[in-house]
Amino acid sequence: MNHWLMKSEPDVFSIDDLKTRGKEPWDGVRNYQARNFMRDGMRIGDRIFFYHSNCKVPGIVGIAEVVSEAYPDPSQFDPDSKYFDAGSSRAAPRWMLVDVGYVQTFPRTISLDELKSCPQLADMPLLRKGNRLSVMPVAAGDWQFINGLAGA
DNA sequence: GCCAACGTTGGC
DNA sequence: GCCAACGTTGGC
């Protein structure tokens, strides 16, 4: 099983929103590297750290899981969507997504500051300077370590 | 709201 | 194929 981290702005879609909905199509990803992780890397049952970005205390707030295979992101075909992509077509979809299901909310947020303070996590892609990927892999060891921090 | 970092676009 | 301009991300 592979492990992942996905960023979301809580003002737009928070882990509480995911909890309420149960599962959600992860639409709107318009970065090729992130798309490739979803399309080629993710398998049903893979676990995901849910990360809140662009907010007061950015950090990992809980766990989600992959609940579908990758399929074309419908929003790319919708002219009324802000994610519409005129360069894509149903015959050759450019953007893929997976459905993400709620698993648990951590008892506390593992803040970005705390993650940065752990020498064990220095190689995490999340902590690399200038990284803006919204979907990225998490090494098995880092997954275990962070779960330990969360008391989960 | 600022701005550094980085991806994409498009002229040439 | 180069690279300047532009847009976006996301921490602060």
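Residues numbered from 1 in each chain as written. Chains lettered and ligands numbered in written order. Predicted model: local features only at pLDDT ≥ 70, side-chain atom pairs only at ≥ 80, totals over all residues. Heavy atoms only, no water.

Novice: Outline the overall build of chain A, listing residues and values.
Specialist: Helices and strands together make up the secondary structure of chain A, namely four helices and eight strands. Along its sequence from the N terminus, chain A presents helices and strands in the succession β-α-β-α-β-β-β-β-β-α-β-α. The C-alpha radius of gyration computed for chain A amounts to 15 Å, which stays within 12% of the reference 15 Å derived for 152 residues, consistent with globular compactness. For chain A, the spread of C-alpha atoms along the three principal axes comes to 45 × 30 × 30 Å. The 152 residues of chain A split such that 45% are buried. Expressed as a percentage of contacts within chain A between residues at least 6 apart in sequence, the contacts between residues at least 24 apart total 72%. Accessible surface computed for chain A: about 8,000 Å², of which carbon and sulfur atoms make up 48%. (Helix = DSSP H or I, 4+ residues; strand = E, 2+ residues; numbered from the N terminus. Rg over C-alpha atoms; globule rule 2.2 N^0.38 Å. Buried < 20%, exposed > 50% of the residue type's maximum accessible area, 1.4 Å probe, protein only. Contact = heavy atoms within 4.5 Å. Areas by Shrake-Rupley, 256 points an atom, 1.4 Å probe, with all protein chains shown as cover.)

Novice: Pulling in residues and values, what's your account of the protein's contact with DNA strand C?
Specialist: Taken together, K7, Y51, S53, N54, P58, L112, K116, R132 and L133 make up all the residues around DNA strand C. Close to the protein, within 4 Å, the atoms of DNA strand C are drawn from sugar and phosphate at a rate of 65%. At 2.9 Å from a phosphate oxygen of DNA strand C is found a side-chain nitrogen or oxygen belonging to K7. One of the side-chain N or O atoms of Y51 is found 2.7 Å from a phosphate oxygen in DNA strand C. Split by residue class, the surface near DNA strand C holds four nonpolar, two polar and three charged. (Near = heavy atom within 4 Å. Polar contact = N/O pair within 3.5 Å; in protein donor to acceptor, adjacent residues only side chain to side chain. Nonpolar A, V, L, I, M, F, W, Y, C, P; charged D, E, K, R; others polar.)

Novice: Can you lay out the packing of aromatic side chains for me, pointing to particular residues and giving the numbers?
Specialist: Considering all chains together, one arrives at six aromatic pairs under this definition. Each ring, one from W26 and one from F50, has its centre 5.7 Å from the other, and the planes form 85 degrees; the classification is edge-to-face. Here W26 is found in the loop between strand 2 (23-25) and helix 2 (32-41), whereas its partner F50 is found in strand 3 (residues 47-52), with 24 residues between them in sequence. Just as W26 is buried, F50 falls in that class too. Residues F49 and W143 carry aromatic rings whose centres are separated by 3.9 Å and whose planes lie at 20 degrees to one another, so their mutual orientation is stacked. (Phe/Tyr/Trp six-rings, centres within 6.5 Å; stacked < 30°, edge-to-face > 60°.)

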